[in-house]
Amino acid sequence: APPDDPLCAICAWDGVREPGGTVRGGMLIVARESGMLQRYTLPHVSLENRFKLGCRPQMLALNKGSSRLSIIDVNGTLSIVELGAGGGGGGNTLMEFERKDTWDMKWADDDPELFVVMEKTRMYVFGPNLEPEEPVLSSGYLASFSKLQIESVLLDEIMTDPSKLSRELIATFDTRALRELRELIANAGLAEAYAFVEAHAHPRLWRLLAEASLEALDLAVADKAFVRCREYQGIQFVKRLHSLGDRMKQRAEVAAYFGRFDEAEGVYREIDRKDLAIELRTRLGDWFRVANLIQSGGGDDQTLARAWEKIGDYYA
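Conventions used here
Residues numbered from 1 in each chain as written. Predicted model: local features only at pLDDT ≥ 70, side-chain atom pairs only at ≥ 80, totals over all residues. Heavy atoms only, no water. Core = buried A, V, L, I, M, F, W, Y, C linked by side-chain atoms within 4.5 Å. Buried < 20%, exposed > 50% of the residue type's maximum accessible area, 1.4 Å probe, protein only. Helix = DSSP H or I, 4+ residues; strand = E, 2+ residues; numbered from the N terminus. Contact = heavy atoms within 4.5 Å. 1 Å grid on protein atoms, 1.4 Å probe; cavity = no way out; pocket = protein on both sides within 12 Å on 5 of 7 lines; lining within 4 Å. Points joined across faces, edges and corners; volume = space filled by probe spheres on them. Nonpolar A, V, L, I, M, F, W, Y, C, P; charged D, E, K, R; others polar.

Asker: Hey, could you run me through the nonpolar core in this one?
Answerer: A general tendency of soluble globular proteins is for nonpolar side chains to be buried together. Within the largest apolar cluster, 40 residues are counted, with the highest numbers of intra-cluster contacts made by I150, L209 and L214. A per-element tally of this core places helix 4 (residues 203-215) first, with seven residues. With residues up to four places along the chain from it excluded, the contact list for L209 reads I185, L190, A193, Y194, V197, V221 and A225. Residues L280, A291, I294 and I311 belong to the second largest nonpolar core, which totals 18 residues.

Asker: Help me understand the layout of surface pockets in this model?
Answerer: Any empty space left between the atoms is revealed when a probe the size of a water molecule rolls over them. Taken as a whole, the largest pocket encloses approximately 380 Å³ of empty space. Lining the largest pocket are 20 residues; nearest its centre among them are L114, P128, E133, A177 and H200. Elements that contribute at least two residues to the lining of the largest pocket include exactly strand 13 (122-126) and helix 2 (176-187). Element by element, the count of residues in the lining of the largest pocket is highest for helix 2, at three residues. Its residues placed into classes, the lining of the largest pocket shows 10 nonpolar, five polar and five charged. Volume-wise, the second largest pocket comes out at about 170 Å³. Along the walls of the second largest pocket sit 13 residues, with A61, L62, K106, W107 and D109 positioned nearest its centre. Secondary-structure elements contributing two or more residues to the lining of the second largest pocket are strand 7 (57-62) and strand 11 (102-107).

Asker: Sorry if this is basic, but what is going on with helix 9 (residues 274-284) here?
Answerer: Each α-helix winds once per 3.6 residues, and so residues spaced three or four apart point in a common direction. Every buried residue of helix 9 is accounted for by K274, L276, A277, I278, L280 and R281. Along its buried surface, helix 9 packs onto helix 7 (247-257), helix 8 (261-270), helix 10 (287-295) and helix 11 (301-315). Once helix 9 ends, the next one or two residues include G285, with phi positive near 75 degrees.

Asker: I tried to follow empty space enclosed by the protein on my own but got confused; where do I start?
Answerer: Counting across every chain of the model gives one cavity of 30 Å³ or more. Lining of the largest cavity is provided by M123, V125, E133, E134, V136, I150, F173, D174, T175 and R179. When the residues that make up the lining of the largest cavity are grouped by side-chain class, the tally is five nonpolar, one polar and four charged.

Okay, here's the thing in structure tokens:
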């Protein structure tokens, strides 16, 4: 016989995996048609508490850290519950937040207070103060939200003709902070951009500032920004650039860092350092290009022999 109060929505958070492999803090939320929510701990799936809503849930989602639960009911109303420590059925508070005509929402993967909401054909991003940014026109289904970027999929267009798929059916949107930082870097300079990121601190913003500083060869700002976003590889790269001394060599290494290898090779050739161009291509394993550079007047017979051997391995 069917249950008197069927399940209508479910969501989970996988918790934190500790060094020994133990999962700590996992949570499973199950909603029933009556509005009853049951909260279980993971991985043991033991009932922790239950609480009643005044609506029938249709879609549930937990934020990073499982401190907040979003609920979209059958009428398209979005509400958020602040989850307590659990036990005894208490500690869960319905926040003073409500949005109408909502059909999709997603929490940010890397920030417990950021989330994005779809209302009709508008996309709203909400921050820590629960105030929305200016809406963006979109009819896509939310796929991911991380590093201050949202990816949505135009499923309606896909289902119209599933045989014709293209990258254009996946749309990417930046949050306001990311857009404003790009504009500051382009128009105001690194000093104002640095002040902006300090006021809106986020690893993605520090990373963008670090990359812009590398492009401008402002190694002092790049070093600070990499430290703030905890990018050890970037910190080591800045140290290596400092040791080079020569700005043209630094420019070439920065181009290589961003994957513009032809540009990096061109800089080395411009300063008549074909040996460094060969070294770069050797690090990349581009043995065809190594052989071409040596044959055009650079390197030595030993390196050329090694290149031919690697090319032979490739064809073998």
